[in-house]
Amino acid sequence: MFGYVKAFKPYMRMYEYEAYRGVYCGVCKELSKQYGFVTRLPLSYDIAFLGLMELSLRDKRIKTCRKRCPLHPINKTVCLTSNEGLELTCAASVILTYHKLRDDMSDKGALKKIAAMALLPFFRRANRKASKLYPELSKRVSKAMKEQTEIEKLRTDSIDRAAHPTGEMMSAVFSELSDCPAVKTELERFGYLLGRFVYICDAIDDLEDDLKAGGYNTLTERFCKKGYDNEVGKQIVSYCTDSIMLTLGSLAESYVKLQPLRYKDITDNIIYLGLKSSYKAAVPKRKDKQHEQ
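A brief structural summary. The structure displayed is predicted, hence computed values, not measured ones.

Okay, the overall build of the protein next. For the protein, the helix and strand inventory stands at 12 helices and two strands. Relative to the compact-globule value of 19 Å for 293 residues, the protein shows a C-alpha radius of gyration of 19 Å, a close match. A principal-axis box enclosing the C-alpha atoms of the protein has dimensions of 55 × 45 × 40 Å. Here the analysis covers contacts within the protein between residues at least 6 apart in sequence; of these, 71% occur between residues at least 24 apart. Approximately 14800 Å² of the protein is accessible, and the part contributed by carbon and sulfur atoms is 53%.

Following this line, the structure appears as structure tokens:
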């Protein structure tokens, strides 16, 4: 994931934010414990959301305490300490990051390549361990990444086709949260829609950089073949907004059917407020000002 699945903090109560941070810290410490310190470095609140859903849908014991961490060495912060319910979250984080690093190795950006080269040896070892625990998940993520590579080579202008592999990856991850066939089916749909949302956000977020560098972006392929100006920018934002709103509407319907048992106030905030806020933040600000002028 890419940092778009997070809460809208202005509408969070203090105890909710403390609990939210506690799950994040719990995932971080469990990653270090199970897979090594380096695997916690790329952690984002996207994975914390998966942790929230795992704890919400599985009846596992939860305990918290206050601990110090390398980023907050002076003040203790709330941290989840009973982590038997975070096994999937940690494994999924490792598997997804490993494949993302492999993809970054073929990226044109030098910084991404250097970072990937530095981290990949650590994640290669961790990925082997995580893949033994969740072989089907590893297989499906690997297949989706290969499909994503092929789609980028073809430079498709279909956002549905371009977003499909990311949807498949998230579908694979969330389907592991339950063994009940009916719930599993709904989780697959939920994960697919969340993956689609993430892909569209990332596409519009990267729009300016891809235009400058000439990198693949399904939006530039669809709208910018004859060049880019303010009018084209308006079309892109309008198209993406319509697609995002339809996706979030279906996502909310699926979420209601899942009926999370814990942290519902937090996950409600993320689904109904946080995702919309993340999309608005991803829309190029400079283009909005130009449109208003």
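With that out of the way, let us pick up the packing of aromatic side chains. If you walk through the whole model with that rule in mind, you get nine aromatic pairs. Aromatic rings pair up to connect Phe49, Phe174, Phe190, Tyr255 and Tyr272 into one cluster. Here the guanidinium or amino end of Lys129 rests over the ring plane of Tyr35, the centre of that ring lying 5.2 Å away.

Right, let's talk about the nonpolar core for a bit. Within the largest apolar cluster, 86 residues are counted, with the highest numbers of intra-cluster contacts made by Phe174 and Phe190. The element best represented in this core is helix 7 (residues 181-205), accounting for 11 residues. Apart from residues lying up to four places away in sequence, Phe190 is in contact with Phe49, Met53, Phe174, Leu251, Ser254, Tyr255, Leu258 and Ile271.

The residue Ile200 is located in helix 7 in this model. By relative accessible area, Ile200 is classed as buried at 0%. Distance in space between the C-alpha atoms of Ile200 and Tyr228 is 19 Å, their sequence separation being 28 residues. When neighbours within four sequence positions are excluded, Ile200 is seen to be in contact with Ile159, Cys240, Ser243 and Ile244.

Analysis parameters
- Going along each chain's sequence as written, the residues are numbered from 1 onward.
- Where local features are concerned, this predicted model is filtered to residues with pLDDT of at least 70; where side-chain atom pairs are given and counted, the filter is 80 or more; whole-chain, interface and lining totals use all residues.
- Just so you know, side-chain values use all the structure's heavy atoms and leave hydrogens and water out.
- Under the DSSP-based scheme used, a helix requires at least four consecutive residues in state H or I and a strand at least two consecutive residues in state E, with every element numbered from the N terminus.
- Within these notes, the globule rule equals 2.2 Å times the number of residues to the 0.38 power, and the radius of gyration is based on C-alpha atoms.
- Any two residues whose heavy atoms approach within 4.5 Å are treated as being in contact.
- Throughout, the Shrake-Rupley method with a 1.4 Å probe supplies accessible areas, and for residues the shown protein chains are the sole cover considered.
- Stacked, tilted and edge-to-face are the three classes applied to pairs of Phe, Tyr and Trp rings, where Trp contributes its six-membered ring and a pair requires centres within 6.5 Å; stacked means planes under 30 degrees apart, edge-to-face means over 60, and tilted covers the rest.
- Ring-over charges, as used throughout, are those where CZ of Arg or NZ of Lys falls within 6 Å of the ring centre and within 35 degrees of the ring normal.
- What is meant by a nonpolar core is a set of buried Ala, Val, Leu, Ile, Met, Phe, Trp, Tyr and Cys residues, joined one to another through side-chain atoms within 4.5 Å.
- Buried means the residue's accessible area, taken with a 1.4 Å probe over protein chains only, is under 20% of the maximum for its type, while exposed means over 50%, and partly exposed covers the values in between.

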